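Structure assessment
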Amino acid sequence: MALLEVKDLRTYFKTQEGTLKAVDGIDFSLEKGQAMGLAGESGCGKTTAALSIMKLLPANGYIAGGQINFMGQDMARVTGDKLRAIRWRDISIVFQGAMNALNPVKRVGDQIVEPILLHEKIDEEKAIRRVKELFELVGINPNRIREYPHEFSGGMRQRVMIAMALACRPRLVIADEPTTALDVMIQAQILQLLKNLQKELELAMIIISHDLSVLAETCDYLCIMYAGKIVERSTSTNVFANGQEPYTKGLINSVPRRDRAAGERLRSIPGQPPNVIDLPDCCPFYPRCDKAK
């Protein structure tokens, strides 16, 4: 049985212009210890899918249909104390933008101790000991647990967020754009860290990114999203070597690669993503597709 199985998930938002179908009938499954990538342009529904799994949607968002089966229960229908018990203990998330996700007036160690004390019956001394162990695990000096977020670099803050996500030893970790706004060297370090932790702790992971090269480094298989739908899914190797959808090929052609011929230019996808409030009756990629007839 899969650790996570998403069936026909539909997540909508109520807006002044109408109903925005951010996620419109997606399906995927994830086994224990497996890493899956969600790829696509900004606004395609990647983050909304993740927030739906965590039940962290904004006030105007709601799950309109489908199932999110996690460890034998439907997260789409779990509420209240039962939901709060699952978050961080069984599923955790590394939010996009570590500086904004951390409380600037609280020491980083205290922010990680808090979910441990909330979800586990251990005293503060043991919780602090675990935070130090987590800091060592993600490559931060344990003596820095009493420092504030502004005293850390961007890459170190991202490591703090990863330590926080691992605090209660969850089965599934969702990483939303984990390398955004980091320089290339730090990106490589964070990706290698995630890869090592996934294997060492046998974590299931969902990594969200618009950058296919990031996902190719860390994921077993990929789901390509466009306009709220998954348009292609396959192993990471197969997507790069034999992607079938024109949109997938467009994303791949826009990624810098070492095997490109000298002087060959990157090719961007023309046009803009569609308005998901008023999608066309045909394929939503039709206006931008070079194969359209």
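Described below are features of the structure shown in this document. These numbers come from a predicted model, not from an experiment.

1. Looking at the overall build of the chain
Check the secondary structure of the chain and you find 10 helices and 10 strands. Relative to its length of 293 residues, the chain is compact, with a C-alpha radius of gyration of 20 Å against a globular reference of 19 Å. The dimensions of the chain, computed from C-alpha atoms along their principal axes, are 65 × 50 × 40 Å. Considering the chain as a whole, with its 293 residues, one finds that 47% of them fall into the buried category.

2. Quick word on the packing of helix H6 (residues 154-165) against helix H7 (residues 184-201)
The contact between H6 and H7 brings their axes to 10 Å, and the two run at 15°. Judged by the inter-axis angle, H6 sits roughly parallel to H7. The two elements H6 and H7 meet at a crossing, and its hand is right-handed. Residue-level inspection shows Gly155, Gln158, Arg159 and Ile162 of H6 in contact with H7, the latter providing Ile186, Gln189, Ile190, Leu193, Leu194 and Leu197. Among the residues forming the contact of H6 with H7, the class breakdown is 6 nonpolar, 3 polar and 1 charged.

3. Points about the pattern of salt bridges
The full count for this structure, using the stated rule, is 10 salt bridges. A salt bridge links Arg130 to Glu120, with the shortest nitrogen-to-oxygen separation between them at 2.7 Å. With Arg130 in helix H5 (residues 124-137) and Glu120 in the loop between helix H4 (108-119) and H5, this residue pair connects regions lying 10 residues apart in the sequence. Assigned by exposure class, Arg130 and Glu120 land together as buried.

4. Observations regarding the packing of aromatic side chains
All chains considered together, the criterion is met by 4 aromatic pairs. Relative to Tyr247, the ring of Tyr226 has its centre 4.6 Å away and its plane inclined at 55°; by these criteria the two rings are tilted. Taken as a pair, Tyr226 in strand E9 (residues 221-226) and Tyr247 in helix H10 (residues 246-253) lie far apart in primary sequence, 21 residues in all. Residues Tyr226 and Phe285 carry aromatic rings whose centres are separated by 5.2 Å and whose planes lie at 80° to one another, so their mutual orientation is edge-to-face. Of this pair, Tyr226 sits in strand E9 while Phe285 sits in the segment after H10, placing them 59 residues apart in sequence. For the pair shown, Tyr226 and Phe285 are each scored as buried. Joined through ring pairs, the aromatic side chains of Tyr226, Tyr247 and Phe285 make up one cluster.

5. As for the side chain of Arg130
Relative accessible area serves as the criterion here: at 9%, Arg130 is assigned to the buried category. The residues contacting Arg130, other than those within four sequence positions of it, are Ile116, Glu120, Ile122, Ala167, Cys168 and Arg169.

6. Brief notes about unusual backbone geometry
Here the phi dihedral of Lys55 falls at roughly 60°; this positive angle occurs in a residue that is not glycine. Checked against the element boundaries, Lys55 lands in the loop between helix H1 (46-54) and strand E4 (61-70). Of the residues examined, Lys55 reaches a relative accessible area of 21% and is grouped as partly exposed. In the Ramachandran plot, Glu177 falls in the positive-phi region, its phi being about 45° despite a non-glycine side chain. By the element assignment, Glu177 lies in the loop between strand E7 (172-176) and H7.

7. Quick notes on the pairing of E9
Most of E9 is tucked away: 6 of the 6 residues are buried. Side chains of E9 alternate between two faces, with Tyr221, Cys223 and Met225 and Leu222, Ile224 and Tyr226 buried alike. Pairing geometry for strand E3 (residues 35-39) and E9, over 4 bridges, is parallel. Residue pairing in the sheet places Leu38 in a bridge with Cys223 of E9.

8. What to know about the nonpolar core
Of all hydrophobic cores here, the largest spans 86 residues; its most connected members are Leu4, Phe28, Ile112 and Ile206. Discounting residues that sit within four places of it in the chain, Leu4 has contacts with Phe28, Ser29, Leu30, Ile53, Ile68, Asn69, Phe70, Leu172 and Ile206.

9. Here's the deal with the pairing of strand E2 (residues 18-30)
On any regular strand, side chains alternate: one points to one face of the sheet, the next to the other face. Both strand E1 (residues 4-15) and E2 contribute to a ladder of 10 bridges, which runs antiparallel. Along E2, the bridge assignment pairs Glu5 with Ser29. Counting the residues in the hairpin turn of E1 and E2 gives 2 residues.

10. With respect to H10
Of all the positions in H10, only Tyr247, Thr248, Gly250, Leu251 and Ile252 are classed as buried. Against the buried residues of H10 lie helix H8 (212-218), E9, strand E10 (229-235) and helix H9 (236-242).

11. Here we look at the sheet that holds E2
If you trace the 4 strands from one edge of the open sheet to the other, you get E2-E1-E4-E5, paired in antiparallel fashion. Single-partner strands in this sheet number two, and they are E2 and strand E5 (73-74). Here E4 runs beside E5; their pairing, made up of 2 bridges, is antiparallel. Note that in E5 the partner of Phe70 across the bridge is Gln73.

Rules used throughout
- Residues numbered from 1 in each chain as written.
- Predicted model: local features only at pLDDT ≥ 70, side-chain atom pairs only at ≥ 80, totals over all residues.
- Heavy atoms only, no water.
- Helix = DSSP H or I, 4+ residues; strand = E, 2+ residues; numbered from the N terminus.
- Rg over C-alpha atoms; globule rule 2.2 N^0.38 Å.
- Buried < 20%, exposed > 50% of the residue type's maximum accessible area, 1.4 Å probe, protein only.
- Axes fitted to C-alpha atoms, helices over the stretch in contact; angles between N-to-C directions.
- Parallel < 35°, antiparallel > 145°, perpendicular 65-115°, else oblique.
- Left-handed = near helix turned anticlockwise from the far one by under 90°.
- Contact = heavy atoms within 4.5 Å.
- Nonpolar A, V, L, I, M, F, W, Y, C, P; charged D, E, K, R; others polar.
- Salt bridge = Lys/Arg side-chain N within 4 Å of Asp/Glu carboxyl O.
- Phe/Tyr/Trp six-rings, centres within 6.5 Å; stacked < 30°, edge-to-face > 60°.
- Pairing = 2+ DSSP bridges.
- Core = buried A, V, L, I, M, F, W, Y, C linked by side-chain atoms within 4.5 Å.

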